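Overview (structure and organization)
Okay, here's what each chain looks like letter by letter:
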Amino acid sequence: AQSVTQLDSQVPVFEEAPVELRCNYSSSVSVYLFWYVQYPNQGLQLLLKYLSGSTLVKGINGFEAEFNKSQTSFHLRKPSVHISDTAEYFCAVSESGGSYIPTFGRGTSLIVHP
Amino acid sequence: GAVVSQHPSRVICKSGTSVKIECRSLDFQATTMFWYRQFPKQSLMLMATSNEGSKATYEQGVEKDKFLINHASLTLSTLTVTSAHPEDSSFYICSARAAGQGGNTEAFFGQGTRLTVV
């Protein structure tokens, strides 16, 4: 079984500042990793995913994440945030080669102030 | 990306009535659909995995008779909350994975349904 820990429940940041949302996972097998964004009263939208290969993954809306196997982390970053990035962000993990049933972290609320 | 449509987006019902939520894959065939429940400020809790033409697999602690799932076709799965009570009020989200895709692909999510039982 795998688990995901999102260390920060809320991250306030000013517009145009950089941001990092932290995600750590635990698993006894190889994993796939995902970041999703959820706007109020909406479903989840995939930002990016790591399956294999390059550990630096680029996604939509200027986000990127880096897979660090030794630290079992998959932190999400953006060099300059916008007001419209205010949303809930979920990190998820699933077993590679498995049936893809992701386990989600509890979410991090990114709040961008003007 | 592929589109998953969930309907209705919001529903208010009286205690004791049943509510049906539909999840449709609009531009792909989904052999597997997932139903989640999300409490305020919390993560998604997987309720059940639905496979087309077979019975759904429920997660531990989820009442099968309370949350009826039907996956009658490759593009439609439904969740019926039977005899709803205020504690069933929540945000329900479905997701679907395309047919023929393995575990290395993401599932696509519907926009969610806000259920309020009064």
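That block above? That's the structure.
Here the structure is a predicted model, which is why all the values come from computation and not from measurement.

Considering the layout of surface pockets
The gaps left among the atoms become clear once a water-sized probe is rolled over them. Considered as a void within the structure, the largest pocket measures approximately 370 Å³ in volume. Around the largest pocket sit 18 residues that line it, and Gln38, Pro40, Asn41 and Glu88 of chain A together with Lys41 of chain B are the ones nearest its centre. The set of elements that each furnish at least two residues to the lining of the largest pocket consists of β10 (87-95) and β12 (108-113) of chain A. The residue inventory of the lining of the largest pocket, partitioned by class, reads nine nonpolar, six polar and three charged.

As for the pattern of salt bridges
Residues and elements named next belong to chain A. The full count for this structure, using the stated rule, is seven salt bridges over all chains. Among the ionic pairs, Arg77 bridges to Glu20, the shortest N-O distance being 2.8 Å. Linking Arg77 in strand β9 (residues 73-78) with Glu20 in strand β3 (residues 19-21), this pair joins segments that are 57 residues apart in sequence. What you see here is one network of salt bridges that share partners, running through Glu20, Glu66 and Arg77.

Focus on the interface of chain B and chain A
Interface size is commonly expressed as the accessible surface area that is lost when the partners come together. Each side of the interface is counted separately: chain B has 23 residues, and chain A has 21 residues. Taking both partners together, chain B and chain A bury about 1,700 Å²; carbon and sulfur atoms supply 56% of that area. Run the count over chain B and chain A and you get zero salt bridges. Mapped by element, the contributors of at least two residues to the side of chain B that touches chain A are β4 (30-38), β5 (44-51) and β9 (90-98) of chain B. Taken together, the residues of the side of chain B that touches chain A sort by class into eight nonpolar, 10 polar and five charged.

Re the state of the cysteines
Residue and element names in this part refer to chain A. For the structure on display, the rule yields two disulfides over all chains. Note on cysteine connectivity: Cys23 is disulfide-linked to Cys91, with sulfurs 2.0 Å apart. Disulfide Cys23-Cys91: torsion about the S-S bond near -65°, hence left-handed. With Cys23 in the loop between β3 and β4 (24-26) and Cys91 in strand β10, this residue pair connects regions lying 68 residues apart in the sequence. Accessibility classification places Cys23 together with Cys91 in one group, the buried group.

Criteria and thresholds
Residues numbered from 1 in each chain as written. Chains lettered and ligands numbered in written order. Predicted model: local features only at pLDDT ≥ 70, side-chain atom pairs only at ≥ 80, totals over all residues. Heavy atoms only, no water. 1 Å grid on protein atoms, 1.4 Å probe; cavity = no way out; pocket = protein on both sides within 12 Å on 5 of 7 lines; lining within 4 Å. Points joined across faces, edges and corners; volume = space filled by probe spheres on them. Helix = DSSP H or I, 4+ residues; strand = E, 2+ residues; numbered from the N terminus. Nonpolar A, V, L, I, M, F, W, Y, C, P; charged D, E, K, R; others polar. Salt bridge = Lys/Arg side-chain N within 4 Å of Asp/Glu carboxyl O. Contact = heavy atoms within 4.5 Å. Buried area = accessible area lost by both parts, 1.4 Å probe. Disulfide = S-S within 2.5 Å. Buried < 20%, exposed > 50% of the residue type's maximum accessible area, 1.4 Å probe, protein only.

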